[in-house]
Amino acid sequence: MPLSEEGLAQAQEVAERLKSVNISAIYSSPLIRAKQTAEAIAHFHQLPVYIEPDLREIDYGNWEGMKVDDVMKQFPKLEQLRREEPMKFAAPKGEPMAVFIERVVSAIQKIASNHAGETLCVVAHQTVNRIVICWSLKMDFRFWRQLNQGPACVNLLQVREDGVWRVCLVNDRCHLR
């Protein structure tokens, strides 16, 4: 689904916020909502948007499009596993969480290593962002759902010269009206 009118306004607001940042490259998930946001940001920087397929959201298989309440009623044990032991979870016909995590972490490491010392913009999705933050902080992935990621939020991560990742800002939405 493309961004709603509100989503487009939020994409513009985050783009305005980042227009004075000296961004070297912009990466995006291939999903339309992320691409629209990345394109709004890219407009101010005269940069192309590089599509990284491995930044796409987790594939929930048969759960795609279902409301959380319906999932909890129909699949209570699987939903409990997703919450408590995500590394063992996979929705029916979906992507196993462990595979998703490996895909996302590999993608973010590749992007960062290709742009050492540069300021990048990576536009992704709630679960992708949560996983990257957990990984950066060396947190147990069981806690991924405890990280809030609102629409059009800004997270700031830094990779030091010694390769250590630092999380400097999480879920900042002060630019939204």
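Anyway, here's the lowdown on the structure attached to this text. Note that this is a predicted model, so its numbers are computed, not measured.

Right, let's get into the pattern of salt bridges. Within this structure, the stated rule accounts for eleven salt bridges. The partner of E13 in a salt bridge is R177, and the shortest N-O contact between them spans 2.9 Å. One end of the pair, E13, is in helix α1 (residues 5–18); the other, R177, is in the segment after β5 (165–172), and 164 residues separate them in sequence. Looking at R177, the relative accessible area reads 87%, which means it is exposed. Its salt-bridge partner being R103, residue E95 comes within 2.7 Å of it at the nearest N-O pair. We note that E95, like R103, is buried.

What follows is about the nonpolar core. Of all hydrophobic cores here, the largest spans 28 residues; its most connected members are Y60, M97, F100, I101, V128 and I131. Of all the elements in the fold, those that place two or more residues in this core are β1 (25–28), α5 (97–113) and α6 (126–136). The dominant element in this core, judged by the number of residues it contributes, is α5, at nine residues. Setting aside residues up to four positions removed in sequence, M97 forms contacts with I58, P86, F89 and W144. Formed by 15 residues, the second largest nonpolar core is a distinct cluster that contains L3, L18, A40 and I41.

What makes E13 buried here is its relative accessible area of 12%. At 2.9 Å, the side chain of E13 forms a polar contact with the side chain of R177.

Right, let's get into the packing of α5 against α6. One way to put it is that α5 packs onto α6 with a least axis distance of 10 Å and a crossing angle of 75°. Judged by the angle between their axes, α5 and α6 are roughly perpendicular. Taking contact as the criterion, the partners of F100, I101, V104, V105, I108 and Q109 in α5 are, on α6, T127, V128, I131, V132 and W135. Broken down by class, the residue content of the contact of α5 with α6 amounts to nine nonpolar, two polar and no charged.

With that settled, the discussion passes to the packing of α1 against helix α2 (residues 32–45). The N-to-C vectors of α1 and α2 enclose an angle of 35°; their axes lie 8 Å apart at closest approach. At the point where α1 passes α2, the crossing takes the right-handed sense. Across the interface between the two elements, L8, A11, Q12, V14, A15, E16 and L18 of α1 pack against Q36, T37, A40, I41, F44 and H45 of α2. Among the residues forming the contact of α1 with α2, the class breakdown is eight nonpolar, four polar and one charged.

Here the focus is the environment of R130. For R130, the position within the fold is in helix α6. The spatial distance from the C-alpha of R130 to the C-alpha of I26 is 19 Å, given a sequence separation of 104 residues.

Calculation notes
Residues numbered from 1 in each chain as written. Predicted model: local features only at pLDDT ≥ 70, side-chain atom pairs only at ≥ 80, totals over all residues. Heavy atoms only, no water. Salt bridge = Lys/Arg side-chain N within 4 Å of Asp/Glu carboxyl O. Helix = DSSP H or I, 4+ residues; strand = E, 2+ residues; numbered from the N terminus. Buried < 20%, exposed > 50% of the residue type's maximum accessible area, 1.4 Å probe, protein only. Core = buried A, V, L, I, M, F, W, Y, C linked by side-chain atoms within 4.5 Å. Contact = heavy atoms within 4.5 Å. Polar contact = N/O pair within 3.5 Å; in protein donor to acceptor, adjacent residues only side chain to side chain. Axes fitted to C-alpha atoms, helices over the stretch in contact; angles between N-to-C directions. Parallel < 35°, antiparallel > 145°, perpendicular 65-115°, else oblique. Nonpolar A, V, L, I, M, F, W, Y, C, P; charged D, E, K, R; others polar. Left-handed = near helix turned anticlockwise from the far one by under 90°.

Such coordinate-based values are descriptive only and should not be taken to indicate function.
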